[in-house]
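Descriptive structure summary
This is what each chain is made of:
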Amino acid sequence: MGERTPLLAGRQMSHAGLYASPLHSRTVDRDSHRHKPDAEENLMDMGLSSKYESLDYDNCENSLFLEEEKQSGFKHIVSVQVNRWVCCLFIGVLTALIACVIDIVIERLSSIKFDLIQFYVDKCVAEQCLIVPLAIWLAFAVGFVGFAALLTTYGEPVAAGSGIPQIKCFLNGVKIPHVVRISTLVTKVTGVIFAVLGGLSIGKEGPMIHSGAVVAAGISQGRSTSLRQDFRIYQAFRSDKEKRDFVSGGAAAGVAAAFGAPIGGVLFSLEEGASFWNQSLTWRTFFASMVSTFTLNIVLSSYHGHPGDLSYPGLINFGTFDKISYHWFEIPIFLLMGAAGGLLGAAFNAINYRLTVYRMRRLTRPWTRVCEAVMVACVTVTVTFLLTYFNSDCKPSLDANNQRRVQFFCNDVTAGWRSAYNF
């Protein structure tokens, strides 16, 4: 385990297409080397790659290691433990600040975007030129989503998606190239901002887990590979085992910043993410999650003009619900609703799986992925515009989150309109 070896090292492909172990590699026919490109293509088709390496999460506790531990002394041990807690503090603060930047930038740019669309909607309702606001909306979608797709596809492809599967791989011993690089963090944050602005049905919450993990990996190592800078701090944590533990804390801090749930962040890392855990890591992870939630609360409350009002625990907000009373005879209806939700969820997962497999097989070139993202954005905007146009439900111009809705055919702009869409 001293050297990091590729996961597929020592394995060769026989003519029958089966794996041959290293002990039997000599029995492979010499002509099999001529088919090496075909073998590599078969591995790529199965989702395997020699670029992925295994991480060494075990300390070699031999006599030399134990002797070095004894000679380090009590002060060194205390210093390392204190630095672990300080590092978790920085992880929580920086993860929360990244979440604040994402939320504030999206809110500001969305306001500019929809104010412009609303202006042309109000103008074109009377002049019968509603194609103009639709075209403006589509232009925003193509520009924002196209930029996000180009940046991700040609910049850091590992930043695509939520990043949760990649972080789970890392926490379970698989090193994916560039998964915790600062360039991946920049691409992830920028891509999320422009994808949400473009109108894609995605959230800011999922990518926060990946962002928190990248922050944790960078701080705990005291250096940046992308920037080629070594700050010569936290050198005691420059091992796969220590880095893994801090990444677990960073992922939990990302969950806490997204949902305002510190305990939920700890449970996510414990149950869904890591396979290596200990009691001390539980408390440090919970500390990082608490710091992340509290920092996000302080910054967003100050930004919205209510400093000290701790009513912004996370990025997601389900709004407020009126006081509703329930009766006993409604329980069977709730049971049917739960069963229907489970069936629909299972159908969604099955369809999503087949679509994902199809996309992995068909959309292999970068430009096809960019075109796919732009096409989905255009379809989403067009469907949203048509639903807004034909919907006859009028609601207040501002929702519970104080966000404006685009409106059609409403006499009282401040009270309601014929059709509304919430942004």
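This is a predicted model, so every value here is computed, not measured.

1. Topic: the overall build of the protein
Looking only at helices and strands, the protein features 11 helices and 8 strands. For the protein, the residues scored as buried account for 35% of the 423 residues in total. For the protein, long-range pairs separated by at least 24 residues make up 66% of all intrachain contacts whose partners lie at least 6 apart in sequence. As presented, the protein carries roughly 25,300 Å² of accessible surface, and 61% of it is formed by carbon and sulfur atoms.

2. Details of the packing of helix α7 (residues 240-259) against helix α8 (residues 262-273)
Packing of α7 against α8 brings their axes to within 7 Å, and their N-to-C directions diverge by 140 degrees. Taken as axis vectors, α7 and α8 run oblique relative to one another. Pair α7 / α8 crosses with right-handed handedness. Along its contact with α7, which presents Ser248, Ala251, Ala252, Val255 and Ala256, the element α8 presents Pro262, Gly264, Gly265, Val266, Phe268 and Ser269.

3. Examining empty space enclosed by the protein
The full count for this structure, using the stated rule, is 1 cavity of 30 Å³ or more. In this structure, the largest cavity encloses a volume near 40 Å³. Around the largest cavity sit Ile164, Ile167, Lys168, Leu171, Ile209, Ala251, Phe268, Ser269 and Gly273, which together line it. Sorting the residues of the lining of the largest cavity by element identifies α4 (164-171) and α8 as the ones contributing at least two each. Broken down by element, the lining of the largest cavity gets its largest block of residues, 4 residues, from α4. In terms of residue class, the lining of the largest cavity is built from 6 nonpolar, 2 polar and 1 charged.

4. Some words on the side chain of Thr95
Considering the arrangement of structural elements, one finds Thr95 in helix α2 (residues 63-127). Not counting the four nearest positions on each side in its chain, Thr95 is found in contact with Met208, Gly212, Val215, Ala253, Gly254 and Ser292.

5. Looking at the state of the cysteines
Disulfide: a covalent bond connecting the sulfur atoms of a pair of cysteines. Counted by the stated rule, this structure contains 1 disulfide. In this model Cys124 forms its disulfide with Cys129; the gap between the sulfur atoms is 2.3 Å. Across the disulfide from Cys124 to Cys129, rotation about the S-S bond amounts to roughly -85 degrees, and the bridge is consequently left-handed. Owing to a relative accessible area of 2%, Cys124 belongs among the buried residues under this scheme. On the accessibility criterion, Cys129 (18% relative accessible area) is buried. Here Cys88 stays free of any disulfide, with the sulfur of Cys87 as its closest cysteine sulfur at 6.1 Å. Judged by its relative accessible area of 5%, Cys88 is buried.

6. A few points about the nonpolar core
By size, the foremost hydrophobic cluster in this structure holds 30 residues, and its most contacted members are Ile102, Met208, Phe246 and Leu296. Contributions of two or more residues to this core are made by α2, α5 (182-197), α6 (206-221), α7 and α9 (279-303). Per-element accounting of this core gives the leading share, 10 residues, to α2. Look past the residues within four positions of Phe246 in its chain and what remains in contact with it is Arg84, Cys87, Cys88, Ile91, Ala216, Ser220 and Phe237.

7. Some words on α7
Across its 20 residues, α7 extends 29 Å between first and last C-alpha, which sits within 8% of the 28 Å expected from 1.5 Å per residue. For α7, the tally of buried residues reaches 18 of 20 residues, placing the bulk of the element in the interior. Taken from the residues just after α7, Gly260 is the one with a positive phi, measuring 65 degrees.

8. A word on the side chain of Glu372
Within the element layout of this structure, Glu372 appears in helix α11 (residues 366-390). Side-chain polar atoms of Glu372 contact the side chain of Arg359, separated by 2.4 Å. When near neighbours in sequence (up to four residues on either side) are disregarded, Glu372 contacts Arg359 and Leu363.

9. A closer look at α11
Relative to the 36 Å expected for 25 residues at 1.5 Å per residue, α11 spans 37 Å between its end C-alpha atoms, a close match to the ideal helical length. For α11, the set of buried residues is Thr368, Val370, Glu372, Ala373, Val374, Ala377, Val381, Thr384, Phe385 and Thr388.

10. Brief notes about the packing of α2 against α5
Where α2 meets α5, the axes come as close as 9 Å, and the angle between the chain directions of the two elements is 30 degrees. Regarding the angle of α2 to α5, the classification is roughly parallel. Along this stretch, α2 crosses α5, giving a crossing that reads as right-handed. Where α2 abuts α5, its residues Ile98, Ile102, Val105, Ile106, Leu109, Ser110 and Lys113 lie against Leu185, Val189, Val192, Ile193, Val196 and Leu197.

11. Remarks on the confidence of the model for the protein
Residues shown with low pLDDT carry predicted positions that ought not to be read at fine detail. This prediction gives the protein a mean pLDDT of 80; 79% of its residues lie at or above 70. Element-level mean pLDDT values for the protein span from 37 in strand β2 (residues 19-20) up to 94 in helix α10 (residues 331-362). The low-confidence segment residues 1-37 (pLDDT under 50) makes 41 contacts with residues lying over four places distant or belonging to another chain.

12. Things to note about a negative patch on the surface
The grouping of Asp58, Glu61, Glu68 and Glu69 at the surface amounts to a negative patch. By secondary structure assignment, the location of Asp58 is in the loop between β3 (53-54) and α2.

13. Some remarks on the packing of aromatic side chains
Applying the stated criterion across every chain, the model contains 10 aromatic pairs. Geometrically, the ring pair formed by Trp328 and Phe329 is edge-to-face, given 6.0 Å between the ring centres and 85 degrees between the ring planes. Ring-pair connections join several aromatic residues into one group, and the members of that group are Phe140, Phe144, Phe147 and Phe194.

Criteria and thresholds
- Residues numbered from 1 in each chain as written.
- Predicted model: local features only at pLDDT ≥ 70, side-chain atom pairs only at ≥ 80, totals over all residues.
- Heavy atoms only, no water.
- Helix = DSSP H or I, 4+ residues; strand = E, 2+ residues; numbered from the N terminus.
- Buried < 20%, exposed > 50% of the residue type's maximum accessible area, 1.4 Å probe, protein only.
- Contact = heavy atoms within 4.5 Å.
- Areas by Shrake-Rupley, 256 points an atom, 1.4 Å probe, with all protein chains shown as cover.
- Axes fitted to C-alpha atoms, helices over the stretch in contact; angles between N-to-C directions.
- Parallel < 35°, antiparallel > 145°, perpendicular 65-115°, else oblique.
- Left-handed = near helix turned anticlockwise from the far one by under 90°.
- 1 Å grid on protein atoms, 1.4 Å probe; cavity = no way out; pocket = protein on both sides within 12 Å on 5 of 7 lines; lining within 4 Å.
- Points joined across faces, edges and corners; volume = space filled by probe spheres on them.
- Nonpolar A, V, L, I, M, F, W, Y, C, P; charged D, E, K, R; others polar.
- Disulfide = S-S within 2.5 Å.
- Core = buried A, V, L, I, M, F, W, Y, C linked by side-chain atoms within 4.5 Å.
- Expected span 1.5 Å × (residues − 1).
- Polar contact = N/O pair within 3.5 Å; in protein donor to acceptor, adjacent residues only side chain to side chain.
- pLDDT = per-residue confidence, 0-100.
- Patch = residues over 30% accessible without salt bridge, like charges linked within 9 Å, V, L, I, M, F, W, Y side chains within 5 Å.
- Salt bridge = Lys/Arg side-chain N within 4 Å of Asp/Glu carboxyl O.
- Lys, Arg positive; Asp, Glu negative; His and termini not counted.
- Charge placed at Lys NZ, Arg CZ, Asp CG, Glu CD.
- Phe/Tyr/Trp six-rings, centres within 6.5 Å; stacked < 30°, edge-to-face > 60°.

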